[in-house]
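Analysis of the macromolecular model
In case you want the letters, here they are:
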Amino acid sequence: MQVFTLQVEQLPDNDYQVTLYQVPYHLKGQMPQLPVKIETLTGWRLQAVRPVLLEELRKNGYDPSTLKAGRRAPYNIKEISGIKIGLIFLAVKPLQKIQRVEEIYLGISRMSDEEAYYWFAKCRNGERHRALRALRILLSEEEN
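Okay, so let's go over this structure.

So, how was this worked out
- Chains are numbered independently. Their residues run from 1 in the order of the written sequence.
- Only residues with pLDDT of at least 70 are given local features in this predicted model, and only at 80 or more are side-chain atom pairs given and counted; all residues enter the totals for whole chains, interfaces and linings.
- Computation of side-chain values covers all heavy atoms of the structure but excludes hydrogens and water.
- Each helix corresponds to a stretch of at least 4 residues labelled H or I by DSSP, and each strand to a stretch of at least 2 residues labelled E; elements are numbered beginning at the N terminus.
- Should any heavy atoms of two residues lie within 4.5 Å, those residues are counted as being in contact.
- Note on geometry: axes are C-alpha line fits, over the in-contact stretch for helices, and angles between N-to-C directions span 0 to 180 degrees.
- For any pair of crossing helices, the crossing counts as left-handed if the nearer helix is rotated counterclockwise from the farther one by less than a right angle, and right-handed if it is rotated clockwise.
- When residues are grouped by polarity, Ala, Val, Leu, Ile, Met, Phe, Trp, Tyr, Cys and Pro land in nonpolar, Asp, Glu, Lys and Arg in charged, and all others, Gly among them, in polar.
- Side-chain rings of Phe, Tyr and Trp, where Trp is taken by its six-membered ring, are said to pair if the distance between their centres is within 6.5 Å; with planes under 30 degrees apart they count as stacked, over 60 as edge-to-face, and otherwise as tilted.
- Each residue is placed in one exposure class: buried if its accessible area under a 1.4 Å probe, protein chains only, is under 20% of its type's maximum, exposed if it is over 50%, and partly exposed if it falls in between.
- We define the nonpolar core as a collection of buried residues of types Ala, Val, Leu, Ile, Met, Phe, Trp, Tyr and Cys that are connected through side-chain atoms lying within 4.5 Å of one another.
- One fewer than the residue count of a helix, multiplied by 1.5 Å, yields its expected span.
- Throughout, the arc means the angular range of directions from the helix axis out to the C-beta atoms.
- Any Lys or Arg side-chain nitrogen located within 4 Å of an Asp or Glu carboxyl oxygen qualifies as a salt bridge.

Once that is clear, we can look at the side chain of T5. Assignment of secondary structure puts T5 in strand β1 (residues 3-11). Not counting residues up to four positions away in its chain, the partners in contact with T5 are T19, L20, Y21, V23, P74, Y75 and N76.

Written out as structure tokens, the structure is:
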């Protein structure tokens, strides 16, 4: 199984941002590769998706109250949680309306595992912009 990590980074004014990294597979005897950054969320978008982020941390055995500015250790999370968090981070990053952010993250959190894997692969490979736009249209009532 693929491993993902969530890293909390402190910002000025006791604020923080969260970055999701994907740890690449490596075969026995090969040098491990550096984690690949998926996306970073901060500000109101991060606060908007916080409920689903806390739920995914809970599913991975973490105390949700530890998600705060002073956290130093990364969260190691299971593959499906990383896939869903990655989709949420990628899809909501450019949005300007909180209602659309909520529609998107709720839609992704309700996806089956297979559907989440499909959309993550589409959004990470090939024509990312088109795949993300299609996902946003699928999950919300309006585009932009």
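Position of S81 among the secondary structure elements: in helix α2 (residues 79-92). Aside from chain neighbours lying at most four places away, what touches S81 is E56 and N60.

To continue, consider the packing of helix α1 (residues 43-59) against helix α3 (residues 98-110). Running from N to C, α1 and α3 cross one another at 30°; their axes reach a closest spacing of 10 Å. Here the hand of the crossing between α1 and α3 comes out right-handed. Here W44, A48, V49, P51 and V52 of α1 lie close against α3, whose contacting residues are I98, V101, Y105 and S109. In terms of residue class, the contact of α1 with α3 is made up of eight nonpolar, one polar and no charged.

Once that is clear, we can look at the packing of aromatic side chains. With the rule as written, the count across this model stands at three aromatic pairs. Judged by centre distance (6.1 Å) and plane angle (80°), the ring pair of F4 and F120 falls under edge-to-face. Of this pair, F4 sits in strand β1 while F120 sits in helix α4 (residues 113-124), and the two are 116 residues apart along the sequence. A relative accessible area of 0% means that F4 is categorised as buried. Their ring planes at 85° and their centres at 4.8 Å tell us that Y62 and Y75 sit as a pair that is edge-to-face. Linking Y62 in the loop between α1 and β4 (75-77) with Y75 in strand β4, this pair joins segments that are 13 residues apart in sequence. On the basis of relative accessible area, Y62 is assigned to the partly exposed category, the value being 21%.

In this structure, L6, V49, L67, L87, F89, I108 and L135 are the most contacted members of the largest nonpolar core, which totals 41 residues. Of all the elements, α2 adds the most residues to this core, at eight residues. Not counting residues up to four positions away in its chain, the partners in contact with I108 are K84, L87, I88, A91, L135 and L139.

Let's shift gears to α3. Taking 1.5 Å per residue as the helical rise, α3 with its 13 residues ought to reach 18 Å, and the 18 Å between its terminal C-alpha atoms agrees with that figure. Within α3, the full set of buried residues consists of R100, V101, I104, Y105, G107 and I108. Viewed end-on, α3 has its buried residues packed into an arc of 160°, placing them on one side of the element. Opposite the buried face of α3, at more than 90 degrees from it, the exposed residues are Q99 and R110.

Under the counting rule described, the total for this entry stands at six salt bridges. A salt bridge links R58 to E55, with the shortest nitrogen-to-oxygen separation between them at 2.6 Å. Of this pair, R58 and E55 both sit in helix α1, three residues apart, roughly one helical turn. Owing to a relative accessible area of 31%, E55 belongs among the partly exposed residues under this scheme. The salt bridge involving D113 is made with K84; its shortest N-O contact spans 4.0 Å. Of this pair, D113 sits in helix α4 while K84 sits in helix α2, and the two are 29 residues apart along the sequence. Overlapping salt bridges bring together E39, K93 and R128 as one network.

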